[in-house]
Amino acid sequence: MKQIFFLLFGLCAGICQGAEPPTVTATVIPELLNIRSAPARASRIIGTLRAGESVTLLSPADGEWCRIALPENASVWIAAAMVNADARPLPDAVFRSGPGAAYEEIGRASPEKIEIRETAKNGKWLRVRPQKGLAAYVSTAYLKIAEGKNAPASSREKTHAPEKREAPEPIRESAAPATAEGIVKRLEPQGRDATHALVVKVNDEEFIAAYLLAPGLNLPLWENRRVRVSGTGHWLRQRNRPLITVERIIPAWQR
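Peer 1: I would appreciate a short explanation of the overall build of the protein in the present structure.
Peer 2: Looking only at helices and strands, the protein has 1 helix and 17 strands in total. In the protein, the proportion of contacts linking residues at least 24 apart, taken out of those at least 6 apart, comes to 58%. If you sum the accessible surface of the protein, you get close to 14900 Å²; carbon and sulfur atoms cover 53% of it.

What follows is the structure, encoded as structure tokens:
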């Protein structure tokens, strides 16, 4: 009788709590695969994966980029002022891809204790072990998705570059005049919302200051040159950098 009771109790608990979502994994194909802070080739590289390593997918692998759980070797930084004496992040603390507020945000910090791996030369930033829940991006063209019942049909056995699909128009917010300066870099792949990025160097490291779209201008002519752009700026909900619809572009030295 007790065995029946415990069996029924366990069955009820499983139903009430709900089944765990299936975990989809993938294997890295090339010798080295870059992990990036955003789904764009101009975004900062925050780590690498080696051939044969397994990663956990956090989004369907049916686009150009896929979100993955952040590996242990990723470069994750937090402001030292946002960490208390017990090595726990303060409320509203964020992780970034480099030692500075100009670097891309990786995610919000949880209150759990962090493991410090390195301190920046100025002592103001700490490189830490990634917390659970943080994510990054890799190109799906270089992943072999594990085949099985836990893998979505759209994600199984992708060993080649996926078919390009036209993404829906992102939601734009707070349009306003915008001016920025930096180096023009081509985005791969290019999309309807942005074809290039405006890149700025900080301590010999590059990060994206803004995304660019210029329907009436020939941006490829300005690639890898330092320029000043002006136009209309928007914030896109799916990006952590502004999008500038460029109306005027000149060399940075020209005022």
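Peer 1: Got a minute to help me understand the pairing of strand 9 (residues 116-119) in this structure?
Peer 2: Along any regular strand the residues' side chains alternate between the sheet's two faces. Pairing geometry for strand 9 and strand 10 (residues 125-128), over 3 bridges, is antiparallel. In the strand pairing of strand 10, Thr119 is matched with Leu126. Where strand 9 hands over to strand 10, the hairpin turn is made up of 5 residues, of which Gly123 adopts a positive phi near 75°.

Peer 1: Sorry, what's going on with the environment of Ala80 here?
Peer 2: Examined against the element boundaries, Ala80 turns out to sit in the loop between strand 6 (76-79) and strand 7 (94-96). Its relative accessible area of 23% is what places Ala80 among the partly exposed residues. C-alpha of Ala80 to C-alpha of Thr119: the two residues are 39 residues apart in sequence and 8.7 Å apart in space. Dropping the residues within four chain positions of it, Ala80 is found in contact with Gly123, Lys124, Trp125 and Leu126.

Peer 1: What should I look at first to understand the side chain of Arg36 in this one?
Peer 2: Mapping Arg36 onto the fold places it in strand 2 (residues 32-36). Of the side chains with opposite charge, Glu104 comes closest to the buried, unpaired Arg36, at an N-O distance of 8.2 Å.

Peer 1: Explain the confidence of the model for the protein to me, please; I cannot follow it from the model alone.
Peer 2: Low pLDDT marks regions whose predicted coordinates should not be analysed in detail. In the predicted model, the protein carries a mean pLDDT of 78, and 76% of its residues have values of at least 70. Confidence drops under a pLDDT of 50 for residues 1-20, and excluding neighbours within four residues, the segment shows 1 contact in the predicted structure. Note that residues 148-169 has pLDDT below 50 and, in this model, 41 contacts with residues that lie over four places away or in other chains.

Peer 1: Quick question: what am I supposed to make of the pattern of salt bridges here?
Peer 2: Oppositely charged side chains may form a pair once their charged atoms are brought near each other. A complete count under the given rule lists 7 salt bridges for this structure. The salt bridge partner of Glu72 is Arg117, with a shortest N-O separation of 3.1 Å. Highlighted residues: Glu72 in the loop between strand 5 (65-69) and strand 6 and Arg117 in strand 9, separated in sequence by 45 residues. Among the residues examined, Arg117 registers a relative accessible area of 31% and is labelled partly exposed. Linked through salt bridges whose partners overlap, the residues forming this network are Glu72, Glu115, Arg117 and Arg129.

Peer 1: I would appreciate a short explanation of the nonpolar core in the present structure.
Peer 2: Burial of nonpolar side chains together is a common tendency in soluble globular proteins. Counting 30 residues, the largest nonpolar core has Leu49, Leu57, Leu70, Val76, Ile78, Phe95 and Leu143 as its most contacted members. No other element matches the 3 residues that strand 1 (residues 24-28) contributes to this core. Grouped together as the second largest cluster of nonpolar side chains are 14 residues, Val184, Leu212, Val227 and Val246 included.

Reading the values: rules and limits
Residues numbered from 1 in each chain as written. Predicted model: local features only at pLDDT ≥ 70, side-chain atom pairs only at ≥ 80, totals over all residues. Heavy atoms only, no water. Helix = DSSP H or I, 4+ residues; strand = E, 2+ residues; numbered from the N terminus. Contact = heavy atoms within 4.5 Å. Areas by Shrake-Rupley, 256 points an atom, 1.4 Å probe, with all protein chains shown as cover. Pairing = 2+ DSSP bridges. Buried < 20%, exposed > 50% of the residue type's maximum accessible area, 1.4 Å probe, protein only. Lys, Arg positive; Asp, Glu negative; His and termini not counted. Salt bridge = Lys/Arg side-chain N within 4 Å of Asp/Glu carboxyl O. pLDDT = per-residue confidence, 0-100. Core = buried A, V, L, I, M, F, W, Y, C linked by side-chain atoms within 4.5 Å.

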